[in-house]
Structure formats: C-alpha cells, structure tokens
Number of protein chains: 2
Amino acid sequence: MSLLVVGSIAFDSVKTPFGERERMLGGAAVHFSLAASFFTDVRVVGPVGDDFGDEQYEVLRGRGVNTDDIEHVEGGETFFWRAHYDYDMAMAHTDDTQLGVFGEFEPKLSEASQNADNLFLANIQPDVQRGVREQCTGARFAGLDSMNLWIETARDSLVQTIGGVDLVFLNDAEIRMLTEQPNLVRASREIMEMGPSVIVAKQGEYGAALFTSEGFFALPAFPLETVMDPTGAGDSFAGGFLGYLSSQEDWQDEATLRRAMTYGSVVASFNVEEFGTERVSRLMREEIDRRFEQFRHMTALEAAPA
Amino acid sequence: MSLLVVGSIAFDSVKTPFGERERMLGGAAVHFSLAASFFTDVRVVGPVGDDFGDEQYEVLRGRGVNTDDIEHVEGGETFFWRAHYDYDMAMAHTDDTQLGVFGEFEPKLSEASQNADNLFLANIQPDVQRGVREQCTGARFAGLDSMNLWIETARDSLVQTIGGVDLVFLNDAEIRMLTEQPNLVRASREIMEMGPSVIVAKQGEYGAALFTSEGFFALPAFPLETVMDPTGAGDSFAGGFLGYLSSQEDWQDEATLRRAMTYGSVVASFNVEEFGTERVSRLMREEIDRRFEQFRHMTALEAAPA
C-alpha cells in the first residue's frame, strides 16, 4: 500500500534550552514522510525553491521516500521558519516566517500521486486541502491536520474539507475551538458528525486520545527525561499512525487503530529526542518495536514483568 | 486494615456552568473519606464548628466512615469556601475563604487514630502534617497531598514532611514548582530522592501518572460528557487510590499500584458528575467495578471486545 502526503517542506531554525540549529530540513510533509516510511511506501508532494538540494533530498530518499513529485519552483525560496522554545517546551514561539514558494502552492498531482492508496493532507489552507482530496478519488482513507489560523479565518471551508476525510488530527484546543464546545468528548462527536469516523486529539506531553464510533482510547506520551526539540512531534505522530494504518488491511478495526496510536507515539517520542530530523533519519525499525513494547508495558493495567 | 485521613472538613458554595449549590458538605478529608470507604475502614480527623450537624455526620456515617475523632470546636465555625468555575472547568476561582476552626487546627490524635494501619495527610500546613505523621508511628504507609501555597511559603518544611511519607500526590505544576525542574520524569525522581517511593502526578482532565522505582504508568481520565463540579476530584482520586491500597497485603506491588490508580480515577470520575458529595454518597460498589472494567477496556492496547 502507498501513502501520499501533501504539505509543507521547510527549512527550520530552532532554538531550545538544549541548543540551536540553523536551517534544518523540516516542514510537516517531511516529518510525516520520514515517520510513515517505517511502515509503508510514502510519496511526498510539496514545493521547494532553489535553496533545496541534494543534501535535503538525500534525507528523504535515505528513508525510501518517493520524492518524484516534490515541485521545484525555479527562482523561488523554500518555506522558512524560525522559532524558539522556553523551558516549558509546550509552545513554539515563532520569530520569523517566510512562506516563499509555499505561499503560491497549488498542488496538481501526477497520475502516480492521484493513484495513491491512502492520503494525508498536512496543515495547509483548507481550500487547497480539498482540492487535493478531490484529485485523489480512489484513496482508501484520507486524514487531515489543520491549525487555529484556519479555524479562525476559513472555518466554513475547513468544515467542508473535514466532511471529505476519514481521520482528523487536531490538538485538543483546536478541537474545542472548531466546535465551540469545551467538553472534548462532545466536541469530538460533533466533528464526527461532520463526516470523519476517527478523531485523534493530540495532547502534547499528555499524549493523545482516540475517538471512534466504538469508543475511546488514550495513550500517554512516552516519558522522556530530555525533550530536545518538540518541532515536528505532531507530524511524526500522524506519520507513524497513518503509515502503520496504510500497511493494514482493515484500517478501521479498533485494535488496529490503537496500535496506530502507539506507533505514532513511538515515532514522535524519538523525533523530539534530538533536533529536526536528526533522530528519525537514523532510526531503526527494531528501536521502534522495542519502544512499542515499552508502551505496552507502561500502559498495561495488569503490569507485565518489567 | 484501617486508613486514617487528617484534613479539612468544610462547607463549599460552588457555582459552575451547570448550576450552583450553597454550603454543601465538602473539604479534602470528606471527599477522601467517602472515596476510600468503598475499599477499607476509614477514620477521619478534622475540626468542625457549631454549624456542623447531624445532616453532615450522616453523609459520612452512611458510608461507614468512623467520625469519632472529628473535633467539634464549641463556638467555632466550620471552614467555608466559595468558588466558581468557568467553562474550561480546569481551575477553581476562589471567591471567599473563611478558615474558621480550621485556622487553629492542631491535631492531637486519639489512641485509635494513632494506631491506624495506614495514613493520609490531606493538604494542610506541612508542619501540621509532620506532627500528625510523628504521632502515627506504626502506619504501614503514609501518603500526602499539598499545594502551591506551601511550596511557596513553607518549602523547607514541606520537603522535610515529604521525607517522612511513602506516597506523594501533587498535580504536575506543583511537582515542577517544588523541584524547579520542568521535565516531569526528572522532577518526580527528584521527589523520590527526598524519601517517598511513589509519586502520583495528578493531571486533571488528562488523568494521572504514576512514578515508582520500577517505572512509569499513566491513566487517562474517564471520558465524561458532563463534568458538573470538579471540586474534590483530586481528593476522591487519592481516597480511591489509598483506600484500595489499604485493603491490599502488598501495597508496593506494581500491579497493585496500577489498580489503585484505576480505582482512584473511577471514584474521581463519579465525584465530578454531580455537585459536592451528591454522587459518591449514593455510589454503589458494583458501579465502581463496572467503570473499572471500562477503564481496562479503554486503555488496553489490544482492544478487548466492547
């Protein structure tokens, strides 16, 4: 099975209490692709400028990600983001954003991309997301991420776009903002009534919660002693989640979705242990499986032997 | 086995988006006692004034709580607290506090209380907590709750008091404040180095996390569609937790502690469904067991049939 992700490809300059890096490879589609690549065939679609070169392509190709449909815009510059985190690490403080070629992004998918088995719409303007969704008519499932900006400025379009996908990934503040409903259980059901069958509430250091018609599942974040750079955690989570789902026959099965939550959390936990893509780009499948078992142990009500 | 709780007994006037109540029976020791009473023999120690009467005693005795050592201070008034919650319900906004007899509380334990098998020190000034701990020399285990006020104004005393207990219940902001360590895993270990072997991080709507020398366990809060009044959730949680532990031979066993986390969460989830003690005072053990099984299902990585 193949999984297509459409979204931002970026250079990130990030400073945290543990260090800083200039112009690292980043962007939602990059973090998502690398995370998903451990489980399924990944294609990435997004725009880059003249400053994007072999070194960056190599990170993606090194994980087997198909980069044929990365769109190189001549004379343009790649999306650039500068931010810092304070000690609590829960929130990025944006210091600079240069949209570059991402500002004009109007994805026209190749035939290969249109025929992807599964689709993830990373956080982009919801009209653009809907345009992509409509080009991928055969996708078995489609997932979507969004952000407070679009809830505030393009709510109707976002609701329409949500109506055309199966899985929604939002943080819990966004879920409440979108529905104007403070109770997360009710708010998630309201989003399900818009169309999707699976709502994933991202909760940062508290992990994530899964709402389906069958019920509720929640998973803590992996307890790390050092979070070096939280950038990309949400996209790595979605990548691990949907990458695993993409590899499974019955993606709607409750046990499969719970395992997907866990794989997402595992990859996200590795992502934040170092800066940018540093950790995930050299991650091994065995490390993922080992941490999956640690999750199983640390969430088991009847504790298994340590 | 018996469990002694020493702490506040109060009248609470509370307003939430779902209604309001005047002068309900409340206080940390009351919520704790009722929750613990489903699992073990409970004795409660705390001061009350002339306004505290049969109606209030009856709520406690109706759940089998031993009230012999409630100290009636002639001419005094019971601790009174008035607060309101806004829509997010995560934080109580205090409108009035009248300490009354609680302001002069210097617990001298009866012989029966001194001989309790297990002890919980609800949130009081840490010197007072330590005085109680020193009177209960034979307690198999002692747990403690505290708050930001004491971390700010009596930190050294609190650290000394923590050194004499086995289990600490704090919310995660308090754990960070006490240790000045933003990472919760490190912060919890630092508190363990003060003496206790079990640290429970209360996380409100996100549930709770358990840190022991053996590792880490986390449990989400029960997903409720209506939280009517969060007052007493933390004390009910500690009551269910320690009440269950009190009933068990090997309270330090990891699986036992995880079940204790779950019983605590179960009782806390009932507590917040109605105002004050309304729900817990008519709760049945079968309801607890049923919700325990729901917790087991909703946290199982391999989903059991619904």
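Residues numbered from 1 in each chain as written. Chains lettered and ligands numbered in written order. Predicted model: local features only at pLDDT ≥ 70, side-chain atom pairs only at ≥ 80, totals over all residues. Heavy atoms only, no water.

**Student:** Explain the interface of chain B and chain A to me, and be specific about the residues and the numbers.
**Tutor:** Each partner contributes to the interface: chain B provides 34 residues, whereas chain A provides 34 residues. Both sides together, the interface formed by chain B and chain A hides about 3300 Å², and carbon and sulfur atoms give 52% of it. Considering only the surface of chain B that becomes buried against chain A, Y206, E225 and L301 of chain B emerge as the three largest contributors, covering 23% of it. Here chain B is connected to chain A by four salt bridges. (Contact = heavy atoms within 4.5 Å. Buried area = accessible area lost by both parts, 1.4 Å probe. Salt bridge = Lys/Arg side-chain N within 4 Å of Asp/Glu carboxyl O.)

**Student:** Before we move on, can you summarise the sheet that holds strand β7 (residues 92–98) of chain B with the specific residues and values?
**Tutor:** All names here are of chain B. Sheet architecture is open: four strands sit in the order β3-β2-β6-β7, paired in mixed fashion. Each end of this open sheet is capped by a strand with a single partner; those strands are β3 (19–26) and β7. In this sheet, adjacent strand axes meet at a mean angle of 15° when their direction is disregarded. (Pairing = 2+ DSSP bridges. Helix = DSSP H or I, 4+ residues; strand = E, 2+ residues; numbered from the N terminus. Axes fitted to C-alpha atoms, helices over the stretch in contact; angles between N-to-C directions.)

**Student:** Lay out the sheet that holds strand β9 (residues 141–145) of chain B in plain terms, naming residues and giving numbers.
**Tutor:** Residues and elements named next belong to chain B. Spatial strand order, β5-β4-β1-β8-β9-β10-β11-β12-β13: nine strands in an open sheet with mixed pairing. The open sheet has two edge strands with one neighbour each: β5 (70–72) and β13 (215–219). Sheet twist, expressed as the average angle between the axes of neighbouring strands with direction ignored, equals 15°. Relative to strand β4 (residues 41–48), strand β1 (residues 2–6) runs parallel, the two sharing five bridges. In the sheet register, L4 faces β4, and the bridge partner there is R43. Across the sheet, helix α8 (residues 184–192) lies against β10 (167–171), β11 (198–202) and β12 (208–212), angled at about 50° from β12, the strand it touches most.

**Student:** Pulling in residues and values, what's your account of the relation of the copies chain B and chain A?
**Tutor:** Mapping chain B onto chain A calls for a rotation angle of 180° and an axial translation of 0.0 Å; the resulting RMSD is 0.0 Å. Taken together, the rotation and translation describe the operation of a two-fold axis. Take the interface residues of chain B: 100% of them recur as interface residues in chain A, which is what a same-surface contact looks like. (Least-squares fit on C-alpha atoms with pLDDT ≥ 70 in both.)

**Student:** So, the side chain of T262 of chain A: which residues are in play, and what are the values?
**Tutor:** Inspection of the secondary structure puts T262 of chain A in helix α10 (residues 254–271). Judged by relative accessible area, T262 of chain A falls into the buried class, the value being 0%. Looking at T262 of chain A, its side chain comes within polar contact range of the main-chain oxygen of R258 of chain A, at 2.9 Å. Beyond its immediate sequence surroundings of up to four residues, T262 of chain A is in contact with L219, F292 and F295 of chain A together with L301 of chain B. (Buried < 20%, exposed > 50% of the residue type's maximum accessible area, 1.4 Å probe, protein only. Polar contact = N/O pair within 3.5 Å; in protein donor to acceptor, adjacent residues only side chain to side chain.)

**Student:** Describe the packing of α10 of chain A against helix α11 (residues 285–299) of chain A, with residues and values.
**Tutor:** Residues and elements named next belong to chain A. In the contact formed by α10 and α11, the axes pass within 9 Å of each other and the chain directions differ by 115°. Helix-helix and strand crossings are classified by hand; for α10 and α11 the assignment is right-handed. Across the interface between the two elements, R259, T262, Y263, S265, V266, V267, S269 and F270 of α10 pack against R285, E287, I288, D289, R291, F292 and F295 of α11. A breakdown of the residues in the contact of α10 with α11 according to their chemical character gives seven nonpolar, three polar and five charged. (Left-handed = near helix turned anticlockwise from the far one by under 90°. Nonpolar A, V, L, I, M, F, W, Y, C, P; charged D, E, K, R; others polar.)

**Student:** If you had to explain the packing of aromatic side chains to someone new, which residues and values would you point to?
**Tutor:** Counting across every chain of the model gives 33 aromatic pairs over all chains. Ring geometry for F39 of chain A versus Y244 of chain A: centroids 6.3 Å apart, planes at 85°, classification edge-to-face. Remark: Y244 of chain A occurs in helix α9 (residues 233–246) and F39 of chain A occurs in the loop between α1 (28–36) and β4 (41–48); sequence separation between them is 205 residues. Accessibility classification places F39 of chain A together with Y244 of chain A in one group, the buried group. Ring centres 5.1 Å apart and planes at 85° place the aromatic pair F169 of chain A and F241 of chain A in the edge-to-face group. Here F241 of chain A lies in helix α9 and F169 of chain A lies in strand β10 (residues 167–171), a separation of 72 residues in the sequence. A relative accessible area of 0% means that F169 of chain A is categorised as buried. Take F241 of chain A: its relative accessible area is 0%, and that puts it in the buried class. Between the NZ or CZ atom of R23 of chain B and the centre of the ring of F11 of chain B, over which it lies, the distance is 4.3 Å. Positioned above the aromatic ring of F38 of chain B, the side-chain terminus of R63 of chain B is 3.7 Å from the ring centre. (Phe/Tyr/Trp six-rings, centres within 6.5 Å; stacked < 30°, edge-to-face > 60°. Lys NZ or Arg CZ within 6 Å of the ring centre and 35° of its normal.)

**Student:** I'd like a description of the packing of α9 of chain A against α10 of chain A, backed by residues and values.
**Tutor:** Between two packed helices, both the angle of their axes relative to each other and the distance between the axes serve to describe the pair. Residues and elements named next belong to chain A. Taken N-terminus to C-terminus, the directions of α9 and α10 make an angle of 140°; their axes are 7 Å apart at the nearest point. Relative to α10, the element α9 lies oblique. For the element pair α9 and α10, the recorded crossing hand is right-handed. For the pair α9 and α10, the contacting residues are A233, S236, F237, G240, F241, Y244 and L245 in the first and T256, L257, R259, A260, M261, Y263, G264, S265, V267, A268 and N271 in the second. Classifying every residue of the contact of α9 with α10 gives eleven nonpolar, six polar and one charged. (Parallel < 35°, antiparallel > 145°, perpendicular 65-115°, else oblique.)

**Student:** Explain the pairing of β10 of chain A to me, using residue names and the numbers behind them.
**Tutor:** Residues and elements named next belong to chain A. The element β10 is largely enclosed, with a buried count of four among its five residues. Pairing between strand β9 (residues 141–145) and β10: three bridges, direction parallel. By the bridge assignment for β10, L144 is matched with V168. Sheet topology note: the β10/strand β11 (residues 198–202) ladder contains five bridges and is parallel. Bridging from a neighbouring strand, N171 pairs with K202 of β11.

**Student:** Before we move on, could you go through helix α1 (residues 28–36) of chain B and cite the residues and values that matter?
**Tutor:** α1 of chain B sits mainly inside the fold: nine of its nine residues count as buried. Those residues of α1 of chain B not exposed but buried are A28, A29, V30, H31, F32, S33, L34, A35 and A36 of chain B.

**Student:** Can you explain unusual backbone geometry? Please cite residues and give values.
**Tutor:** Non-glycine residue E180 of chain A carries a positive phi angle of around 55°. Tracing the sequence through the fold places E180 of chain A in the loop between α7 (172–179) and α8 (184–192).

**Student:** Go over a negative patch on the surface, please, and point to the residues and values.
**Tutor:** Residues E214, E249, D250 and D253 of chain B make up a contiguous surface patch of negative charge. Along the chain, D250 of chain B falls in the loop between α9 (233–246) and α10 (254–271). (Patch = residues over 30% accessible without salt bridge, like charges linked within 9 Å, V, L, I, M, F, W, Y side chains within 5 Å. Areas by Shrake-Rupley, 256 points an atom, 1.4 Å probe, with all protein chains shown as cover. Lys, Arg positive; Asp, Glu negative; His and termini not counted. Charge placed at Lys NZ, Arg CZ, Asp CG, Glu CD.)

**Student:** Describe the confidence of the model for chain A, and please don't skip the residues or the numbers.
**Tutor:** Confidence in the prediction of chain A, expressed as mean pLDDT, is 96, and 99% of residues score 70 or more. Scored as a whole, the predicted complex attains pTM 0.94, and scored at its interfaces, ipTM 0.91. (pLDDT = per-residue confidence, 0-100.)

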